[in-house]
Amino acid sequence: MWTVISALGLATFTKNVKNSLQTMIEVIINKAPLIKDQSHVAVATFSPKFVIFEVTPADNQDKKKLKICVYSQDSFLRIYDDAADLETEALLSFKKSMDDPLSSLNSWNRESDVCQWIGINCSSAGQISGIQLNYLSLSGPLPFYTIQALPQLRTLSVSGNNFTEIKVSSSQECSLEVLDLSGNHFTGDFLDTLSRLVTCKGIRILNLSHNKIRKISVKLSIGNPMVSVDLSYNRISGSIPSSFFLSCKSLKFLDVSSNQLVGGIPENMSKNCRRLQKLNASSNFITTFRLEQCTSLQELDVSFNNISETVFWKDCDALKVLNLSDNQFSGPFLSVFGNRSLPQVFKSLEVLQADHNSFTGEIPTVPPTLEALDLSCNKFSSSNTNICLSNSKLQSLVLVYNRLRGPVLNLAMNCSNLKMLDLSINFVTGSLPGNICSRLSKLQHLILWGNNLEGRIPATIDECSELVTLHLSHNNLTGVIPEEISRLKNLSLLVLNNNMLSGEIPASLAKMQNIQGLLLGHNKLQGGLPGELRNTNSLIQLAVNDNQLAGPIPSWIGCSVKEDQYDMKYPYLMVLLFNVQPSICKGYNEMFILQGIRFHEFQQLPIATRCQTWYFLSPPGFNISLIPSTTQGLSPWCIDLSFNSFTGTIPAEFGAMQNLYSLNLAHNLLTGAVPSTVGNLKQLEWLDLSYNQLESHIPGSLTNLTFLKYFNISHNRLLGGIPQSGQLPTFPASSYEGNPGLCGIPLAECHGNDYNLDNHSGDKDDDEDFCTTYEQLIDLPIKVLAPKKFIADHNNL
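Because the structure is predicted, anything quoted here is derived from the model rather than measured.

### Here's the deal with the overall build of the chain
Summing up its helical and strand segments, the chain has 10 helices and 55 strands in all. For the chain, the residues scored as buried account for 55% of the 797 residues in total. Sequence-distant contacts in the chain: of pairs separated by 6 or more residues, those separated by 24 or more amount to 56%.

### Here's the deal with the layout of surface pockets
As a volume, the largest pocket reaches approximately 450 Å³. Around the largest pocket, the lining comprises 19 residues; the ones closest to its centre are L197, L220, S221, I222 and M226. By residue class, the composition of the lining of the largest pocket is 15 nonpolar, 3 polar and 1 charged.

### Focus on the state of the cysteines
The tally for this structure, following the rule as stated, stands at 7 disulfides. The side chain of C437 participates in a disulfide bridge whose partner is C464; the two sulfur atoms lie 1.9 Å from each other. Because the torsion about its S-S bond is -95°, the bridge between C437 and C464 counts as left-handed. Within this pair, whereas C437 is found in helix α7 (residues 436-439), its partner C464 is found in the loop between β33 (454-455) and β34 (469-471), the two being separated by 27 residues in sequence. What makes C437 buried here is its relative accessible area of 1%. Disulfide pairing places C743 opposite C750 at an S-S distance of 1.9 Å.

### Examining unusual backbone geometry
Residue I745 is joined to P746 through a cis peptide bond whose omega torsion reads 15°. The topology assignment puts P746 in the loop between β54 (741-743) and β55 (783-784). Of note, Y401 is a non-glycine position whose phi angle comes to about 60°, a positive value. Relative to the assigned elements, Y401 resides in the loop between β28 (396-398) and β29 (405-406).

### Overview of the environment of C464
C464 gets classed as buried once you look at its relative accessible area, which sits at 0%. The spatial distance from the C-alpha of C464 to the C-alpha of L446 is 9.6 Å, given a sequence separation of 18 residues. Apart from residues lying up to four places away in sequence, C464 is in contact with C437, L440, L443 and L488.

### Comments concerning empty space enclosed by the protein
Counted under the stated rule, the structure contains 4 cavities of 30 Å³ or more. The volume enclosed by the largest cavity comes to roughly 80 Å³. Along the walls of the largest cavity sit M269, S270, C273, R274, L276, L291, Q293, C294, T295, S296 and L297, which together make up its complete lining. Of the residues in the lining of the largest cavity, the class split is 6 nonpolar, 4 polar and 1 charged.

### Focus: the environment of T647
Within the fold, T647 resides in strand β48 (residues 645-648). Take T647: its relative accessible area is 32%, and that puts it in the partly exposed class. Residues T647 and Q693 lie 46 residues apart in sequence; the distance between their C-alpha atoms is 9.5 Å. Setting aside its immediate chain neighbours within four residues, T647 contacts G551, P552, I553, L669 and L670.

### As for a positive patch on the surface
Together, R204, K249, K252 and R275 line one region of the surface with positive charge. Inspection of the secondary structure puts K252 in the loop between β16 (237-238) and β17 (253-255).

### Quick look at the sheet that holds strand β20 (residues 285-288)
Read from one edge of the open sheet, 3 strands run β16-β18-β20, paired in parallel fashion. For this open sheet the edge positions go to β16 and β20, each flanked by a neighbour on one side alone. Bridge count for β16 against strand β18 (residues 260-264) is 2 bridges, and the pairing is parallel. Considered in β18, the bridge of S237 is made with Q260.

### Structural notes on the sheet that holds strand β50 (residues 669-670)
Taken in spatial order, the 5 strands make up an open sheet running β37-β39-β41-β48-β50, and their pairing is parallel. Each edge of the open sheet carries a strand with a single partner, namely β37 (502-504) and β50.

### Looking at the packing of aromatic side chains
Summed over the entire model, instances satisfying the criterion amount to 19 aromatic pairs. Aromatic side chains F312 and F337 sit 5.5 Å apart centroid to centroid with 25° between the ring planes, which places their arrangement in the stacked category. Of this pair, F312 sits in the loop between β21 (299-301) and β22 (321-323) while F337 sits in the loop between β23 (330-332) and α6 (342-345), and the two are 25 residues apart along the sequence. With relative accessibility at 0%, the residue F337 sits in the buried group. R405 extends its terminal NZ or CZ atom over the ring of F427, reaching a point 4.3 Å from the ring centre.

### Quick word on the pattern of salt bridges
Per the counting criterion, the structure on display carries 11 salt bridges. Where E292 meets R290, a salt bridge forms, and the shortest distance between an N and an O atom there is 3.6 Å. The exposure class assigned to R290 is partly exposed, which follows from its relative accessible area of 31%. Taken together, the shared-partner salt bridges connect E267, R290 and E292 into one network.

### Thoughts on the confidence of the model for the chain
Summary statistics for the chain give a mean pLDDT of 82 and a share of 78% for residues scoring 70 or more. Contacts of residues 71-81 to residues separated by more than four positions or lying in other chains number 56 contacts, the stretch itself having pLDDT below 50. A low-confidence stretch, residues 757-797 stays under pLDDT 50, and its non-local contacts, those more than four residues away or across chains, total 107 contacts.

Rules used in this analysis
- Residues numbered from 1 in each chain as written.
- Predicted model: local features only at pLDDT ≥ 70, side-chain atom pairs only at ≥ 80, totals over all residues.
- Heavy atoms only, no water.
- Helix = DSSP H or I, 4+ residues; strand = E, 2+ residues; numbered from the N terminus.
- Buried < 20%, exposed > 50% of the residue type's maximum accessible area, 1.4 Å probe, protein only.
- Contact = heavy atoms within 4.5 Å.
- 1 Å grid on protein atoms, 1.4 Å probe; cavity = no way out; pocket = protein on both sides within 12 Å on 5 of 7 lines; lining within 4 Å.
- Points joined across faces, edges and corners; volume = space filled by probe spheres on them.
- Nonpolar A, V, L, I, M, F, W, Y, C, P; charged D, E, K, R; others polar.
- Disulfide = S-S within 2.5 Å.
- Patch = residues over 30% accessible without salt bridge, like charges linked within 9 Å, V, L, I, M, F, W, Y side chains within 5 Å.
- Areas by Shrake-Rupley, 256 points an atom, 1.4 Å probe, with all protein chains shown as cover.
- Salt bridge = Lys/Arg side-chain N within 4 Å of Asp/Glu carboxyl O.
- Lys, Arg positive; Asp, Glu negative; His and termini not counted.
- Charge placed at Lys NZ, Arg CZ, Asp CG, Glu CD.
- Pairing = 2+ DSSP bridges.
- Phe/Tyr/Trp six-rings, centres within 6.5 Å; stacked < 30°, edge-to-face > 60°.
- Lys NZ or Arg CZ within 6 Å of the ring centre and 35° of its normal.
- pLDDT = per-residue confidence, 0-100.

In structure tokens, the structure reads:
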């Protein structure tokens, strides 16, 4: 309910505050309903837009006070005696004072219930308690003063908009507890502007992250009521002034990460902010950081800075997560902790990351509470047989890319709860201990590639019954692949390539029903591919390149996946490496697991630089899903049988592998024609059939392959014209050389009868049901759910 009065305009309202308020009191007494001459009227809140008067009627037996609002609009005064009217007008003024290009606030009108407006939350009494207008492209100055005095407003969130400044009133009441201005365009000295909110003494949570704020003023202090402050992802430069921490006794969370801070964190932070539980100062240029007190601190992240000095001068009994990675630390590891042992400093520590520094010497003994330790990319050279105490909870030990030498595997034998052990890219020698699985029976991931391990894979490997990943490539292992591996029912990845393993591929490997990747290339394996492997349910990557295998290529390879749907997800970065020069590298399908070492660092290793290489990256948690086609079901994803002595023809059944991405049959003794069904492989990006004895013509169905990145059919006995549609003419002459009977672009022009009249793109796809003898067909469409493959020449990454 309101009364419109024209006796007082906005100019009078603002120029002579004292006289204006007295005049309005008289107007209220004379004009407003429910108010009598004897009523007591007092000013409760004043702003340039409205005044709230607190009124005690003379006949009010219950001593209840009424709130009357005089609102200035269009040179008129509107007198409200209804709190809902006041809140409505305040919000409409808020809307009118900013830009709304998407008309997101169209529901804000007087005809509808304010509690039903978009972004408005109301209390049980119907008063506005929260405003959340996130990601609506709102812009202009944020007119906070229009809503600042709403009596029950506790939360204001305008994250992800385009506001550039905020307009506040230092004379208005303010009941805010949560203020989220993240993801806007607040710049420069914005924190000084915000400091004028002196009446908002109840703000407990402040989020200014992802803006363009440039400095923290020496005049600004966090304030004792504040519980959480987030200033991350701004452009704050210089050092944090000590005045910032003068009053912070309630502060529990502080994030100043991803700025341009220099110098050190003021020492009074740990003294004055004694309730601080989580501090993130990562990704700055901080050079010193000293913790004098940390009684409540639970998480500390100072990674990606330039710290080189001692950090911990006192014990931190409550600390659970510590990240010191990517700094300038050097020398013995314990120097960071005042040369005290880790169990002495930490009583609750669960996660410790200190990778990418220059620590030297011995791996430290860890606290019994520690669950994960990553000291990768340092210069540790000696092991410690007491790395784990008898009651250790350590589950993940990652020491990748150090200088560890000798029989280092013994260092982990007391860590009986280990699930992840990764010592890749070191100088580990000796053999795999025969008792490694009896001592570490909970192991799920054993990753030791890029070392100098010798001897045989122990038959006791089956005692690691929980094993999911066994990655032992690029070592000097000898002997046969033990039959006992087939007892690992949970094994998903078996990577043994680049060793000196001999003997035959055990037929018992087919018992591993969860095997997804079988990489045995670059060994001395003999015999053929055991027929029992046709019984595997989920084998989608098979690489046995550069061995001494012989015999025909079995047709069941294209039908070896029997799952209704296949999902591949691992807790580490997985890199599939494809050599563009397979003749030099003897195949191009390898797999590496990267933990502790970054991809650009891996690219500098001799393993990755010996050939021109392309990569497929699968980040931690990255999910690749394959859904079967209507007629053929699921199929393998990568097959590499190159550099062996396989004979016979290429099975026509290969055309059923609708999910196949890479096929390499080069450097074998294959004969006969290229099956026209290869043209059915619509997802194929890598096809290499070179250096065989293939005959006849290039089937025109190959023009149906539209995603090819690498194609090589050179050095065979092919003849006739190269099909001139699709991608085939775009490949270099080297893809076809060594076939004297071939002609057409990119080779010499064809003459007379050289052209094969059947070589055209109109060949009918051969959709025979090749796999019905091996799996039940399911009625699902052809679809690959994998995100776009991130493959690029390593020189351009």
